[in-house]
Each structure stands twice: as structure tokens, then as C-alpha cells.
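So the chains spell out like this:
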Amino acid sequence: MGRNSETALAAEGRSSGAGARRCTVTFAPGGRSARVAPGETLLAAAWKAGAGIKAVCGGRGKCGTCRIEIELQALSGGALSTATPQEMSALPEEFRGGTHRLACLAQAHADVAVSVPLESQAVKHPPRKPYTVRYVALEPLVQRVTIEVDAAASSPLRPLATRIAQALARTCGTGIGPILPRVLAEFSRRSGFDSERKLTVTLYGGTEVLQILPGERSGAWGVALDVGTTSLAMFLCNLATGDIVAVKTAANPQTAYGEDVISRMTHISQDPAVLATLQSMVVNEINHMIAEAGAESGVALDDILDVVAVGNPTMQHVLLGVNPEPIGRGPYQAVWREPALVDAADIGLRAAAGARLFVFPMVSGYIGGDTLAAVLTRGADFYQGVNLLIDVGTNGEVVLANQGELTATSCATGPVFEGAHIRSGVRASPGAIERVWAEPGGALGWAAISDGANPGDQRPIGLCGSGVISSVAALVDAGLVDRGGAFIPPGTDSRVRKDQDGRVTEAVLVSGKKTRTRRDIVVTQWDVRNVQLGKAALRAGIEILLREQGIGAPDRVLLAGAFGNHLDPGDIVRIGLVPPVPVHTIESIGNAAGDGARLALFSRTERERAIRLAETIRVIELTEREDFQDLFVECTALDCVALGEIDPEGETNVAPRAAPKAVPEAAPEPD
């Protein structure tokens, strides 16, 4: 949950019970509490209290991830609404009829204490966002110059603004625009401003005066932002040296309104005031990251002069306070696609007075500045031969470079690759299983993300996105799942059974005796189907791009984003997520979106190149393709067979995998 979110949600609370008596809802662990109007849901109370509770479906009573536990006395005392049939059906069988409820449907009518189990807690730790240090010829849009201003009594007598402008002309030459009243007003708030002879002036684009400060101030800093659906990354950068001064990451607090952009758009459509809430949530979190980075590195807000942001189209719309609803309905178009340049203060970002925010252009309604930024990081070799860039997440973006010609598409993969809508799915956090493999003989091994705060506790909590993909590949390797995605009959192998409802087949990866939650970590038949649907959408999109160019397979596959960085190339080839290419041709390129944002922060040329790229990438809309549905069905198979009539050359070099020697924690390259 984002900091200071109670203020942002105040309007929601007033609308649901202004003037009424209030109920206090207290959440454990942590002891956070909120006062709400009778009839408000426990999930709304959690948002206001800053108590993170998962809500994969956005609080619509569909996913069951917001399960909480309350005191039996509260149930019998009428502190909560009676559980509805919808709520009961969304709860797992073992939790029905007891003290467990869904926070999104249970309404408070009196004071109540709520316990949030580990698997229902929203991620609070910083997500892993690897990045690559890239140096570029420095051409920042902002620069600082020191000028000597004539004394007030010097002849002829002139206003202060005139004397400053003349000093600027002497130092920088002609062509600098007039000093705006806003800039003079900010300067005039400083004691003794009119007697200063030496001033530091910040220029934007070499012509516009952004800021005037007394004395001589050296150094200029900027911020690059990767605003993701589920996580945020912020880079504080020295614009004079090209160095990264500090890096901060955080979970996107908007996940309280749903793990995916469609859920958030649904909330906005139901209540337009939610748009301002979502914007303030992400801006508050970014401000906190900037403040932390500045305090740690000794950089003052007055010295943060430029901000560049990238994100998917929905995130870019919300960041700027623009309603993204048109993206979520046919014909799925953005409200605008051009680059945006605004005062950072206009959306509440804390930086120097007059600092600008540049938001990348978008390629289409579902291909945003983050994908464009990833393409921006590619060198000349990307435009030679056939190269495929894939960003896999709640939405999958694919860019094909064929001898310099760029085509792109977007695939609705769903949140399965983020660990959502999976029975034992969790975010990529300490204890999340990120690799699964089949040992010789069929035994299953696994490796989880290490817990830096508690390295002695090796017990897993669930499967993150890469672990979900890896587990399905391992189940196929072990012979427990066939290429069509079906489990072997329960009882054939001791690890395969029916779930507690007796309806769905599942495989046990880790017994509850060895997990932190004390519950088995399993992969169900529905989990496998969800993986098949997600990977089929992505693979079908890839195949359509290749067929458009008459290509059988790419020379290289580049995986962008935090999720792509942790995928095992052998896993994704074995289940057919990508075409059957040699594993060594698949490369993870880290947080390329953040890398591209920094390039545009450091260089005016790179910023202009991003704008040109947005205009040259040709987009193929899958909804307009008659062959998409047939390809989608064909791509559900869990194998690496080439599709269509064009067979790729060379062997795939994919063999059953042994246990890795080590699964090290991802670490950024040194500055």
C-alpha cells in the first residue's frame, strides 16, 4: 500500500458514509488500523490503513487471494456482514464456514480485528529490478550556468529581470527566452535575492530559464522512472557525469485495486474518482523513493532538474491523470500517443521548481513507452539479421527486427506469468520458488529466492512467475504432464492426486511440512491450463510477426523485464513459449525499460531517437488477424515443435535439465 494513501482515499470514505458512526478495523500483523463507515469492506479498510492485502481480481470477489481471518466472536456478534454464496464459493473448501472471510466482500458493521495470513499479504519488499549500466554521450536537456549580475544601482537603472537576462546573454549568447514570472516568483522568496551578484541559472533545452538560485551551484541531477504495473524502479542520476547515484525499487501500491490494468480500469469506470486515487498512490510512492535516494546520496530536491518516465500505456495515462478506459475497450486506442512534457510539480512530483517530466511516446494502445525504451537500448546489431525482443508480464509485448524493419504486437497473456491466478502463486519475494527441475529418474528439485533478512529459513512460500513456468516444464520432463497439458491419472504417481474438493488434479511440489505456510505447494490442472493459455497467446503473437516477414525463426531472442531476467531459456523453449531456437541464442537483457529511460535522461539525441522509433514501428493488431485463433489453439501444446510450414534450421539443443549448481540472487552490474 502506498504511503499517505489514507488522504488519497478520503473522498471514497466520505462518499460511503459521511456523518455516520465509524467502525475501527485493526489489522495484524503490524497493528495498523482505519476508521470506516459501516458497510465498507475490509479490503477498503486495509487500503486506508496501509495494510497490504492481495487482491488479484481487484476486489471483485473472484480470485480468493484476499482471504483473512477474524475472531469467532466478531462473527457471532454481527461485526461483519453475513457471508454471501459468492464469497463462500471463492473460499477454498477447508476455509468455508469458519473464521475465514474474503476482505473484498466482508463488510464491517462494528469494530473488528483482522489477521492477514502470510499468503494473503501484499508484497512489501522491493521487487528485483536488475539493470545494466550504459554510458552514452552526455547531452542533457538541462544545464546550469553561473552569471555575474550588474548591481542594482549600476547605470542605467534597470529591473532585476533585465539585469539577469543581460548577464545571461553575456555568458551564453542570444536566443534565451524571457524569464517567466513563475521563475522570478520562486527566486524572490529567498532572503536578500535582489542584492545577489552571482547567480546560478538552470536552462532547459539551452533557451528556457527553469530556475534561478543565489550563489554558485555546481552539479545537476535527474531521475529516470520505470513505472510498471506491479513494481516501480527509480534511478537518481548525475547529469554531469552520466553516473547512477542511487537506485530504488518498490511495489506499485496500485495493486490494491487489482494486479492487472484491466482491473484498475474497471474501478475507474465504476467510480471516476479512483483515477485521482491511483495517480496519487504512485506519485506518493515515487516521491518517497526520490526522498530516500536524495537523503542517502546527499542530493537536494533543488538539484533534481529533469525527470523521464516510461511505462505501459495504462500506467503512463494514470501517471499523468488521464483516464485510460478507452484502452480497455474496442478499438483499444490510447487517449494520446505522443510524448508528453509537463512540469513535474503539476502531478505532484517533488523535484526542483520548474523541473520537467518527459513521458515517452506510445506505439499503440498496448505498446507503451516501456517497450519503446527497451528497443532504444539496442545497438546496431539488433537491426542486423532477425532479432526478437520480448517483454513478458501481465501483458506480453513483442518487437521483431528484420534487417532493420521493426514490427510489433501485444499479446494478452494475463497475470499468470506474474504468479497470479495460480493456486500456490506468489510474487517474486523471499521464499518464492523460482526454479523447478526434474532430476534423473523423475524426482523434482526446486530453488527459492533467498531471504536476506532471514537467510537461515529456506522454507518456500509458493511459486513466483518464473517458478510457475519452470514447474510446468519440470512436470513435463518428469512425465507427470503430457504435451497436451493433461496430468497422468491420480494414483499413477504418489505426487499426483485430486485436490481437497475432489474435482481438480494436482501435483505436490513441496509438502506442507516443509513450507512456511504449512500448506502444500502444488501445481493444479487449472494452473497448467492457465500457463498454456498465457504462453499460447504470446507464441501465437510471435508466430504472426514471423509469418508477416516470411521467417521461420529468429536469430536471437532477447528477454526484457524483471520477469524475463529470471526465466530459464531451456524452460521456455521446452514448453513452446518461444520458437524452437538454440538455447544459447536466448539472452536476458534485464530492466531494459529503465535502461532506456536513463538513456533519454542523459541524452537529447536519445530522447529524439525514441520519438522517431515510435513513429517507425509498425503494429500488427492480433484482433484483426483471422489466423490468430487457429494459431492460438495450436500453440497451447507444451512442446517446442515448429509451427506452420516453415521449419527452423539447426537443433534446439534442449535436453532434460539437471539441478543447477547454484541459483544466485540477481545483482545489478556495478556502477
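Because the structure is a prediction, the values reported are computed rather than measured.

(A) View of the overall build of the protein chain. Scanning the protein chain from terminus to terminus reveals 18 helices and 26 strands. Expressed as a percentage of the 671 residues in the protein chain, the buried residues total 56%. For the protein chain, the accessible surface area stands at approximately 26,300 Å², while carbon and sulfur atoms represent 51% of it.

(B) Focus on the side chain of Arg516. Among the secondary structure elements, Arg516 is positioned in the loop between strand E22 (505–510) and strand E23 (521–524). Within the local environment of Arg516, its side chain forms a polar contact with the backbone oxygen of Arg459, the two atoms lying 2.8 Å apart.

(C) Main features of the packing of aromatic side chains. Under the definition given, this model contains 5 aromatic pairs. Ring geometry for Phe628 versus Phe632: centroids 6.1 Å apart, planes at 40 degrees, classification tilted. One end of the pair is Phe628 and the other is Phe632, both in helix H18 (residues 628–634) and 4 residues apart, which spans about a single turn. A relative accessible area of 17% means that Phe632 is categorised as buried. Across from the ring centre of Tyr204, 5.5 Å away, lies the NZ or CZ of Arg356, which sits over that ring. Positioned over the ring face of Phe358 is Arg607, at 4.8 Å from the centre of the ring.

(D) Quick look at the packing of helix H16 (residues 592–602) against helix H17 (residues 604–616). Two numbers describe how H16 lies on H17: the axes approach to 5 Å, and their chain directions differ by 125 degrees. Between H16 and H17, the crossing angle belongs to the class labelled oblique. Taken together, the residues of H17 that come into contact with H16 (itself represented by Leu599, Ala600, Leu601 and Phe602) are Arg604, Glu606 and Arg607. Broken down by class, the residue content of the contact of H16 with H17 amounts to 4 nonpolar, no polar and 3 charged.

(E) Examining the sheet that holds E22 more closely. The strand order E21-E22-E23 describes an open sheet built from 3 strands, whose pairing is antiparallel. Both edges of this open sheet fall to strand E21 (496–498) and E23, since each of them pairs with a single strand only. Taken pair by pair, the neighbouring strands of this sheet meet at an average axis angle of 40 degrees, ignoring direction. Pairing analysis gives 3 bridges linking E21 to E22, with the strands arranged antiparallel. Bridge assignment links Lys498 to a residue of E22, and that residue is Thr505. Packing of helix H13 (residues 525–548) onto the sheet brings it into contact with E22 and E23, and relative to E23 it is tilted by some 60 degrees.

(F) View of the state of the cysteines. Within this structure, the stated rule accounts for 0 disulfides. The thiol sulfur of Cys104 is not disulfide-bonded, and the nearest other cysteine sulfur, from Cys66, lies at 3.7 Å.

(G) Up close: the pattern of salt bridges. With the rule as written, the count across this model stands at 34 salt bridges. Asp150 is the salt-bridge partner of Arg170, the closest N and O atoms lying 3.6 Å from each other. Remark: Asp150 occurs in the loop between strand E6 (142–148) and helix H6 (160–172) and Arg170 occurs in helix H6; sequence separation between them is 20 residues. Note that Arg574 is salt-bridged to Asp477, the shortest N-O span being 2.6 Å.

(H) Examining the sheet that holds strand E18 (residues 432–438) more closely. Taken in spatial order, the 3 strands make up an open sheet running E19-E18-E20, and their pairing is mixed. What marks the edges here is a single partner per strand, and that holds for strand E19 (444–448) and strand E20 (462–463). With 5 bridges joining them, E18 and E19 adopt antiparallel strand pairing. Along E19, the bridge assignment pairs Ile433 with Ala448.

(I) Inspection of the pairing of strand E12 (residues 304–311) at higher detail. Judged by how many residues are buried, E12 sits mostly within the fold: 8 of 8 residues are covered. By the bridge criterion, 7 bridges tie strand E9 (residues 221–227) to E12 in an arrangement that is parallel. What sits directly across from Gly222, in E12, is Asp306. In this structure, E12 lies alongside strand E14 (residues 356–359), joined through 4 bridges in parallel fashion. Looking at E14, one finds that Asp306 is bridged to Arg356.

(J) Highlighting the packing of helix H8 (residues 261–270) against helix H9 (residues 273–297). Closest axis-to-axis distance for the H8/H9 pair is 6 Å, and the angle between their directions is 135 degrees. With respect to H9, the axis of H8 lies oblique. Across the interface between the two elements, Arg264, His267 and Ile268 of H8 pack against Val274, Leu275 and Leu278 of H9. The residue makeup of the contact of H8 with H9, split by class, is 4 nonpolar, 1 polar and 1 charged.

(K) Structural context of the pairing of E18. The buried fraction of E18 amounts to 7 of the 7 residues, a majority that puts the element mostly inside the structure. By the bridge criterion, 2 bridges tie E18 to E20 in an arrangement that is parallel. From the neighbouring strand, Ala432 faces E20, where its bridge partner is Gly462. Linking E18 to E19, which pair antiparallel, is a turn of 5 residues; within it Gly441 sits at a positive phi near 100 degrees.

(L) Region of the structure containing unusual backbone geometry. Cis geometry marks the peptide bond from Ala28 to Pro29; its omega dihedral reads 0 degrees. One can find Pro29 in the loop between strand E1 (23–28) and strand E2 (32–36). Cis rather than trans, the peptide bond between Ser155 and Pro156 has omega equal to -5 degrees. Turning to its location among the elements, Pro156 is positioned in the loop between E6 and H6. Not every positive phi belongs to a glycine, and Tyr332 is a case in point at roughly 60 degrees. Structurally, the position occupied by Tyr332 is in the loop between helix H10 (313–319) and strand E13 (340–343).

Basis of the calculations
Starting from 1, residues in each chain are numbered consecutively following that chain's sequence as written. Per-residue local features of the predicted model are confined to residues with pLDDT of at least 70, and side-chain atom pairs are confined, for both listing and counting, to 80 or more; whole-chain, interface and lining totals are unaffected and use all residues. Hydrogen atoms and water are omitted, and side-chain values are computed over all heavy atoms in the structure. Secondary structure counts use DSSP, requiring at least four H or I residues in a row for a helix and at least two E residues in a row for a strand, with both numbered from the N terminus. Only protein chains enter the accessibility calculation, which uses a 1.4 Å probe. A residue is then buried if its area is under 20% of the maximum for its type, exposed if over 50%, and partly exposed in between. Method for areas: the Shrake-Rupley scheme with a 1.4 Å probe, in which residue coverage is limited to the protein chains shown. Each polar contact in these results corresponds to two N or O atoms within 3.5 Å; when the atoms are within protein, one needs to be able to donate a hydrogen and the other to accept it, and residues that are neighboring in sequence are counted only if both atoms are side-chain atoms. Classification of ring pairs rests on two measures: the distance between centres of Phe, Tyr or Trp rings, Trp counted by its six-membered ring, which must be within 6.5 Å, and the angle between planes, read as stacked under 30 degrees, edge-to-face over 60 and tilted in between. Put simply, a charge is over a ring when the Lys NZ or the Arg CZ is close to the ring centre, within 6 Å, and near the line of the ring normal, within 35 degrees. Here an angle of 0 to 180 degrees is reported between the N-to-C directions of two axes, which are lines fitted to C-alpha atoms, with helices fitted over the stretch in contact. In these notes the angle categories are as follows: under 35 degrees is roughly parallel, over 145 is roughly antiparallel, 65 to 115 is roughly perpendicular, and the rest is oblique. Only heavy atoms enter the contact rule, under which two residues are in contact if any of them lie within 4.5 Å. Only Asp, Glu, Lys and Arg are considered charged in this grouping, and only Ala, Val, Leu, Ile, Met, Phe, Trp, Tyr, Cys and Pro are considered nonpolar; every other residue, Gly among them, is considered polar. Any two strands with at least two DSSP bridges between them are considered paired. Pairs of cysteine sulfur atoms within 2.5 Å are identified as disulfides in what follows. We define a salt bridge as a side-chain nitrogen of Lys or Arg found within 4 Å of a carboxyl oxygen belonging to Asp or Glu.

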